[in-house]
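# A look at the structure
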Amino acid sequence: MTAQTRTDRPAPIPESYGDILDKKGFTHIATIGPNGVPQSTPVWYGWDGTYLKFSTTKTRQKYKNLLRNPKVSASITDPDAPYRYLEIRGVAEMEDDQDSTFIDEMSRKYIGKDYPWSRPGDERVIVKIRPKHATGQG
C-alpha cells in the first residue's frame, strides 16, 4: 500500500461551512452537456465525511454527462441563511444502487419515508464527489 499524495486527498471543507453538509438543503449539481453547455439540477445530498453523494437514474442527462465528463460542481445554499453557501468541485465516481438503499436513506432524511417515486425499470446510481476544491461565502 502506498501513501496518498496530496492530490489524492479530498480538499478540506472549510470548517466554518461544514455544518451546511448536515442540513436538509439542496445542492445544485452542474455538469457539462454533450454540446459543452452547462446543465444544473437541484438534488438531495448526503455527506459521509469524504464524499458528497446524490442519487440519480441512468436515464437522466446528468448521469450521461458525468459518463462523458466526470468533472462536476456542487453549490449548496444554507437553508437557514440564504446568502451563505458552500461550493464543492471535484470528479464524480458512480456506483449502482440496485436495491435503492441510498435513495431510500436520502428520502428518509428529507421526507421521513422511503422514496415514493420509483418507477419500474429505474436503474439508480449513487454519484460520489470527492472534493478537489471547496469554498464558501457568507
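Conventions we followed
In this convention, every chain numbers its residues from 1, walking through the sequence in written order. Per-residue local features of the predicted model are confined to residues with pLDDT of at least 70, and side-chain atom pairs are confined, for both listing and counting, to 80 or more; whole-chain, interface and lining totals are unaffected and use all residues. Note that water and hydrogens are dropped before the side-chain values are worked out from all heavy atoms of the structure. Nonpolar core, defined: a set of buried Ala, Val, Leu, Ile, Met, Phe, Trp, Tyr and Cys residues in which side-chain atoms within 4.5 Å join the residues together. Residue burial is assigned from relative accessible area. The probe radius is 1.4 Å, only protein chains are included, and a residue is buried under 20% of its type maximum, exposed over 50%, and partly exposed in between. Only runs of H or I of at least four residues qualify as helices and only runs of E of at least two qualify as strands under DSSP, and these elements are numbered from the N terminus. Contacts were defined at the residue level, with two residues in contact if any of their heavy atoms lie within 4.5 Å. Salt bridge, as applied in this entry: a Lys or Arg side-chain nitrogen positioned within 4 Å of an Asp or Glu carboxyl oxygen. Only rings of Phe, Tyr and Trp enter the pairing, Trp through its six-membered ring, and a pair is recorded when the two centres are within 6.5 Å. The plane angle decides the type: under 30 degrees is stacked, over 60 is edge-to-face, the rest tilted. Two conditions define a charge sitting above a ring: the NZ of Lys or the CZ of Arg must be within 6 Å of the ring centre, and it must be within 35 degrees of the ring normal.

Counting residues in each nonpolar core, the largest one holds 28 residues, and the members touching the most others are Leu21, Ile29, Leu52, Phe54, Leu86, Ile88 and Ile129. At the level of secondary structure, the elements contributing two or more residues to this core comprise strand S4 (52-57), helix H1 (61-68), strand S5 (71-77), strand S6 (85-96), helix H2 (101-111) and strand S7 (124-137). When residues of this core are assigned to their parent elements, the largest contribution, five residues, is made by S7. Excluding residues that lie within four positions of it along the chain, Leu86 makes contacts with Ile13, Pro14, Tyr17, Ile20, Leu21, Ala74, Ser75, Ile76, Thr135 and Gly136.

Going through the model one piece at a time under the given rule, you end up with 11 salt bridges. Lys53 is the salt-bridge partner of Asp48, the closest N and O atoms lying 3.8 Å from each other. We classify Lys53 as buried; its relative accessible area is 17%. For the salt bridge of Lys58 with Glu123, the shortest nitrogen-to-oxygen distance reads 3.9 Å. Separated by 65 residues along the polypeptide, Lys58 in the loop between S4 and H1 and Glu123 in the loop between H2 and S7 bring together distant segments of the chain. Take Glu123: its relative accessible area is 48%, and that puts it in the partly exposed class.

With respect to the secondary-structure elements, Pro79 resides in the loop between S5 and S6. Taking the C-alpha atoms as reference points, Pro79 and Thr59, separated by 20 residues in sequence, lie 29 Å from one another. Not counting the four nearest positions on each side in its chain, Pro79 is found in contact with Lys23, Lys24 and Gly25.

Across all of its chains, the model carries five aromatic pairs by this definition. Their ring planes at 40° and their centres at 6.0 Å tell us that Phe26 and Tyr110 sit as a pair that is tilted. Separated by 84 residues along the polypeptide, Phe26 in the segment before strand S1 (27-32) and Tyr110 in helix H2 bring together distant segments of the chain. By relative accessible area, Tyr110 is classed as buried at 11%. With a centroid separation of 6.1 Å and 90° between ring planes, the pair formed by Trp44 and Tyr115 is classed as edge-to-face. Here Trp44 is found in the loop between strand S2 (38-43) and strand S3 (46-47), whereas its partner Tyr115 is found in the loop between H2 and S7, with 71 residues between them in sequence. Here Trp44 and Tyr115 have matching classes, each one buried. An aromatic cluster of three or more residues is present, and its members are Phe26, Trp44, Tyr110, Tyr115 and Trp117. The ring of Tyr45 has Lys109 lying over it, and the distance from NZ or CZ to the ring centre is 4.7 Å. When the ring centre of Tyr115 is taken as origin, the NZ or CZ atom of Arg124, which lies over that ring, is 5.1 Å away.

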